[in-house]
Amino acid sequence: MSNKISILIISNKFDFTTDYICAELNARGEKYIRLNRDEFWNYDITLEVARFALRIEIEGQKYYINESLKSVYYRAPTFLRDVFEVIDEKEQLYRSQWASFIRNLAIYENALWINNPVFTYKAENKILQLKYAKCVGFNIPETIITNSNDQSLDKNKNYVVKSIEPAVLKINQINAFTYTNVVRGADIYNSDLAISPIIIQEYLNPKIDIRVSVIGNFIFAVKILKSGRGVDGDWRKYKTELDFIPFELPENISQKCIQIVNKLGLIFGAIDLILFNGKYYFIEINPTGEWAWLTKCFENKIQKKICDYLQDK
Amino acid sequence: MEEHLLLAKAHLYESPKKNCDIDNAVYDALKGFWVYNESKFPCVMDEKFAGPRTKKDDIETGEDQKGE
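Thresholds, definitions, all that
Residues numbered from 1 in each chain as written. Chains lettered and ligands numbered in written order. Predicted model: local features only at pLDDT ≥ 70, side-chain atom pairs only at ≥ 80, totals over all residues. Heavy atoms only, no water. Pairing = 2+ DSSP bridges. Helix = DSSP H or I, 4+ residues; strand = E, 2+ residues; numbered from the N terminus. Axes fitted to C-alpha atoms, helices over the stretch in contact; angles between N-to-C directions. Contact = heavy atoms within 4.5 Å. Expected span 1.5 Å × (residues − 1). Buried < 20%, exposed > 50% of the residue type's maximum accessible area, 1.4 Å probe, protein only. Polar contact = N/O pair within 3.5 Å; in protein donor to acceptor, adjacent residues only side chain to side chain. Salt bridge = Lys/Arg side-chain N within 4 Å of Asp/Glu carboxyl O.

Student: So what exactly am I meant to see when it comes to the pairing of strand β4 (residues 43–48) of chain A here?
Tutor: The two faces of a sheet get side chains in turn, since along a regular strand they alternate between them. All names here are of chain A. When β4 meets strand β5 (residues 53–58), the two strands line up antiparallel, connected through 6 bridges. Bridged to Ile 45 within β5 is Ile 56. Between β4 and β5, which pair antiparallel and follow one another directly, the connecting turn spans 4 residues, one of which, Phe 52, has a positive phi of 50°.

Student: Honestly, the sheet that holds strand β7 (residues 71–74) of chain A in this entry has me stumped. Any pointers?
Tutor: As a general point, the strands of a sheet are linked pairwise by backbone hydrogen bonds and lie either parallel or antiparallel. Residue and element names in this part refer to chain A. Read from one edge of the open sheet, 4 strands run β3-β2-β7-β8, paired in parallel fashion. Each edge of the sheet is formed by a strand with only one pairing partner; in this case those strands are β3 (32–36) and β8 (112–114). Averaged over all pairs of adjacent strands, the angle between strand axes in this sheet comes to 15°, irrespective of strand direction. The pairing of strand β2 (residues 7–11) with β7 spans 4 bridges and is classified as parallel. Each residue of the ladder has a partner; that of Ile 7, found in β7, is Ser 71. Here helix α7 (residues 301–310) sits on the sheet in contact with β2, β7 and β8, set at roughly 155° to β8.

Student: Looking at this structure, how should I read helix α1 (residues 16–27) of chain A?
Tutor: Given 3.6 residues per turn, any residue in an α-helix points the same way as the ones three and four places further on. The end-to-end C-alpha distance of α1(A), which contains 12 residues, comes to 17 Å, matching closely the 16 Å that a straight helix rising 1.5 Å per residue would cover. The buried fraction of α1(A) amounts to 10 of the 12 residues, a majority that puts the element mostly inside the structure. Among the residues of α1(A), A:Phe16, A:Thr17, A:Thr18, A:Asp19, A:Tyr20, A:Ile21, A:Cys22, A:Ala23, A:Glu24 and A:Leu25 are the ones counted as buried. Elements that come into contact with the buried residues of α1(A) comprise β2, β3, β7 and α7 of chain A together with β3 (33–36) of chain B. Directly beyond the C-terminal end of α1(A), a positive phi value near 75° is found at A:Gly29.

Student: Got a minute to help me understand the side chain of A:Asp209 in this structure?
Tutor: Residues and elements named next belong to chain A. Positionally, Asp 209 belongs in strand β15 (residues 207–215). For Asp 209, a relative accessible area of 8% gives the class buried. A polar contact is formed between the side chain of Asp 209 and the side chain of Lys 207, at a distance of 2.6 Å. Residues in contact with Asp 209, not counting those within four places in the same chain, are Val 222, Lys 223, Ile 224, Val 231, Gly 233, Trp 235, Leu 273 and Ile 274.

Student: When you look at unusual backbone geometry in this model, what are you seeing that I'm missing?
Tutor: A negative phi angle characterises most non-glycine residues, just as the trans form characterises most peptide bonds. All names here are of chain A. Following Ile 114, the chain continues to Asn 115 via a peptide bond in cis, the omega torsion being -15°. Following the sequence through the fold, Asn 115 ends up in the loop between β8 and α3 (117–123). Residue Asn 205 is joined to Pro 206 through a cis peptide bond whose omega torsion reads 0°. Relative to the helices and strands, Pro 206 resides in the loop between β14 (198–202) and β15. At Ser 227, a residue that is not glycine, the phi angle is positive and equals roughly 55°. If you trace the backbone, Ser 227 turns up in the loop between β16 (218–226) and β17 (242–246). You will see that Glu 299, though not glycine, has its phi angle at about 50°, which is positive. As for its placement among the helices and strands, Glu 299 is situated in the loop between β19 (279–286) and α7.

Student: Help me out: how do you make sense of the pairing of β16(A) in this one?
Tutor: Relative to β16(A), β15(A) is paired through 7 bridges, and the arrangement is antiparallel. Each bridged residue has a counterpart across the sheet, and for A:Arg211 the counterpart in β16(A) is A:Val222.

Student: Got a minute to help me understand the pattern of salt bridges in this structure?
Tutor: Any two side chains of opposite charge can pair, on the condition that their charged atoms come close. All names here are of chain A. Throughout the structure, instances matching the rule amount to 18 salt bridges over all chains. Between Asp 19 and Arg 34 there is a salt bridge whose closest N-O contact spans 2.6 Å. Note that Asp 19 is positioned in helix α1 and Arg 34 in strand β3, a separation of 15 residues in sequence. Assigned by exposure class, Asp 19 and Arg 34 land together as buried. With its nearest N and O atoms 3.0 Å apart, the salt bridge here joins Asp 272 to Arg 211.

Student: I tried to follow the environment of A:Glu48 on my own but got confused; where do I start?
Tutor: Residue and element names in this part refer to chain A. Secondary-structure assignment places Glu 48 in strand β4. Once the C-alpha coordinates of Glu 48 and Arg 34 are considered, the two residues, 14 residues apart in sequence, prove to be 19 Å apart. Once residues lying within four places of it in the same chain are set aside, the contact partners of Glu 48 are Ala 53 and Arg 55. A polar atom in the side chain of Glu 48 sits 2.5 Å from the side chain of Arg 51.

Here you go:
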């Protein structure tokens, strides 16, 4: 006897953010299944293409999915970042073939995807995000992307410098990551940028960072403060000293947040804004952004709203 | 000329621990979440559970787990 599944969840075993969704769906008595990308060897999976029938066996329990699948919660990368580690041939095969398999779940075109990886792939591009943000009426910081330090920058002013895409590196066999940095114009002039483009933005300071989690037409916004004030530079450098304060965005800014998520073809988006000099500036949107760190602030309403969408409520 | 800014400013860090099981808990593959051994209560719904309470857990590879 197989159990027919209404909601498919693609994640991995240690993604606790997905636990919130599954715990909520379980409490609601929903028929869902979670497939973890790091546990495929524990599953028996067969996809009958002619009937779009996906049959799955986990721990002796049988499940099936067909074209009536209602929704997919997709917590998987759309493209993989090279972290330059050596892996054996089994691991290489596992990664490439299962990654392709879950991409091919795109056959369930009638399901609601949070988010559809096709749209996530497009939305992950920061320069395109800025274009769309400007298009919906957001203020955006003055921005250039360049591999030349021959720019008309003021050597005595500060600028924000960041990577176009999170730069995950190995430097002398040690892991490295690039935060957003505040850099003097003189230091940009003195840097050899030829090997890689960077984003240079105007430095908006003092500022307050704002995180906006958008789910369809719903908004959950927090201010990010340290000792009651905005954080100079990248707030992610401060791990435990921050307060996340829920607040209501002005209606026109909320609407712009909803619009850009919609314009990018997404249901969910985690938007970073800055409040500077009384004006809201769009910084970026994360189509696969984290939200579990905000569940407490919003009394578990974020996962409940995501589940509402997954259940088409 | 100095080193490229993204290299000069890179933050070095130890490899995060991967696939660490949780004390007193087990992953329930049928329910799709971690539960405490005895109570079967979802770990993430426990105030004391040290899961992703801040964004710090994902700073090093971005938010999308693309760095596999």
